[in-house]
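Overview (structure and organization)
Here are the chains, one letter per residue:
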Amino acid sequence: MIHTVWLITMINLVLLACITFIYIPIVLTVLRSLREKRQQSLGQEKGMEI
């Protein structure tokens, strides 16, 4: 019983680590692109005002 529980927990931890390592760069790139788009839209609005 204890060994199976340990195996399950270890597998879950490894899967979580893999998922985080895969998702962190994707999330960072998405946030960066959104921030750039927001800055561009703000710049366009300022240009329109001027």
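Every chain is numbered on its own, with residues counted from 1 as its sequence reads. Note on the predicted model: pLDDT of at least 70 is required for a residue's local features to be given, and 80 or more for side-chain atom pairs to be given and counted; whole-chain, interface and lining totals, by contrast, use all residues. The side-chain quantities take in all heavy atoms of the structure and omit both hydrogens and water.

Notes on the overall build of the protein
On a plain count of helices and strands, the protein comes out with one helix and zero strands. Exposure classes here rest on a 1.4 Å probe applied to the protein chains alone. A residue is buried below 20% of its type maximum, exposed above 50%, and partly exposed in between. A buried classification covers 0% of the 50 residues belonging to the protein. Approximately 5100 Å² of the protein is accessible, and the part contributed by carbon and sulfur atoms is 73%. In this description a helix means any DSSP run of H or I spanning at least four residues, a strand means any run of E spanning at least two, and both kinds are numbered starting from the N terminus. The method behind every accessible area is Shrake-Rupley, applied with a 1.4 Å probe, and residues are considered shielded solely by the protein chains displayed.

Topic: a nonpolar patch on the surface
Candidate patch residues must exceed 30% relative accessible area and have no salt bridge, after which like charges are joined if within 9 Å and Val, Leu, Ile, Met, Phe, Trp or Tyr side chains if within 5 Å. Whenever Lys or Arg places a side-chain nitrogen within 4 Å of a carboxyl oxygen from Asp or Glu, that contact is recorded as a salt bridge. A surface patch of nonpolar side chains, about 1000 Å² in accessible area, is lined by Leu-7, Ile-11, Leu-15, Ile-19, Ile-22, Tyr-23, Ile-26, Val-27, Val-30, Leu-31 and Leu-34. The exposure class of Ile-11 is partly exposed, given its relative accessible area of 49%.

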